[in-house]
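If you want the building blocks of each chain, they are given just below.
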Amino acid sequence: DAELFVALSVDYSQIYEGMIKAFADQPWIYVQTASPLKRPASPFSNLEEKVGVKVKEDLLPLLGTEVGFILAKPPAVPPPKEPAPADREEFTSVRLPELMPVIAISIKDREAVKKIIPKMFESMGLKGAAMLGHSEKRGDAEIISYANVFAYAFIGDFLIFSPDPSLTRWAVDSYVGNNTLSS
């Protein structure tokens, strides 16, 4: 019942090496300041320093080659209560996107990926995000949601995630109920 489904086979190592080569081939602009800027070793240097995870050594070995991209309609949410007449002038409605993504990435080591995800949240300035995390099991799948704002799940050898937690649950429920393309 997805609106769009795309399946890909990806060679992350080849993509990584291509990005490193393209980065090395680009001219670097040095800005005159009191202390000269140093060219980063790679386009991932800043991210690796922030997260404390090396892309080539720590992350790429954990990823499989399969990727799925799904666009689905979020479950219907009841409309907000009509504002009181005095509040109508200040009331503005927020329109949510009609379609939201769900991404599935094959992984080789679930436990190692579980350890990296909280580091990524913390690197984005979400210190203590792990304390907001809530885990739930559905069949052999595990869903982890953060304050009902973002959720990811482990289904077999896949990491599934979506910015809409209801869609992550929908993907897990489809898998657990054998309502998937593969079944």
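We now turn to the structure provided with this report. (Residues numbered from 1 in each chain as written. Predicted model: local features only at pLDDT ≥ 70, side-chain atom pairs only at ≥ 80, totals over all residues. Heavy atoms only, no water.)

### Quick notes on the packing of aromatic side chains
Per the counting criterion, the structure on display carries three aromatic pairs. Considering the side-chain rings of Phe150 and Phe161, the 6.5 Å spacing of their centres and the 40 degrees angle between planes classify their relative orientation as tilted. Of this pair, Phe150 sits in strand S6 (residues 150-155) while Phe161 sits in strand S7 (residues 158-162); the two residues are 11 residues apart in sequence, bridging distant segments of the chain. When its relative accessible area of 24% is taken as the criterion, Phe150 is described as partly exposed. (Phe/Tyr/Trp six-rings, centres within 6.5 Å; stacked < 30°, edge-to-face > 60°. Helix = DSSP H or I, 4+ residues; strand = E, 2+ residues; numbered from the N terminus. Buried < 20%, exposed > 50% of the residue type's maximum accessible area, 1.4 Å probe, protein only.)

### Concerning the nonpolar core
Within the largest apolar cluster, 22 residues are counted, with the highest numbers of intra-cluster contacts made by Tyr12, Val113, Ile117, Tyr152, Phe154 and Leu159. Looking at this core element by element, the count peaks at four residues for helix H4 (residues 110-123). Apart from the residues lying within four places of it in its own chain, the contact partners of Tyr12 are Leu60, Leu63, Gly64, Val67 and Ile105. Ranked by size, the runner-up nonpolar core spans 14 residues in total, among them Ile70, Ala151, Ala153 and Leu167. (Core = buried A, V, L, I, M, F, W, Y, C linked by side-chain atoms within 4.5 Å. Contact = heavy atoms within 4.5 Å.)

### Focus: the sheet that holds strand S5 (residues 141-146)
Strands in a sheet are paired, the pairing made by backbone hydrogen bonds, and the direction either parallel or antiparallel. Here we have seven strands laid out as an open sheet, ordered S1-S2-S3-S7-S6-S5-S4, and antiparallel in their pairing. Since the sheet does not close on itself, it has two edges, and those belong to strand S1 (4-9) and strand S4 (133-138), each with one partner. Taken over all neighbouring pairs, the strand axes of this sheet differ in orientation by 15 degrees on average, direction set aside. Sheet topology note: the S6/S7 ladder contains five bridges and is antiparallel. When the sheet's bridge partners are listed, Ile155 is paired in S7 with Phe158. (Pairing = 2+ DSSP bridges. Axes fitted to C-alpha atoms, helices over the stretch in contact; angles between N-to-C directions.)

### Quick look at the pairing of S5
With respect to burial, S5 is a largely interior element, six of its six residues being buried. Direction of pairing for S4 relative to S5: antiparallel, over a ladder of six bridges. The partner of Arg138 across the bridge, within S5, is Ala141. Between S4 and S5, which pair antiparallel in sequence order, lie two residues; one of them, Gly139, sits at a positive phi of approximately 65 degrees.

### Description of helix H1 (residues 12-25)
Helical geometry: 3.6 residues make up each α-helical turn, so side chains three or four residues apart lie on a common side. For H1, built from 14 residues, the straight-helix expectation of 20 Å at 1.5 Å per residue is met to within 8% by its first-to-last C-alpha distance of 20 Å. Buried residues of H1: Tyr12, Tyr16 and Phe23, and no others. One side of H1 carries all its buried residues, which in axial view fall inside an arc of 40 degrees. Turned more than 90 degrees away from the buried face of H1 sit Gln14, Lys21 and Asp25, all of them exposed. Of the surrounding secondary structure, the elements contacted by the buried residues of H1 are helix H3 (55-59), strand S2 (63-72) and strand S3 (100-107). Its side-chain oxygen at 3.3 Å from the backbone nitrogen of Ser13, Asp11 defines the N-terminal cap of H1. (Expected span 1.5 Å × (residues − 1). Arc of directions from axis to C-beta. Polar contact = N/O pair within 3.5 Å; in protein donor to acceptor, adjacent residues only side chain to side chain.)

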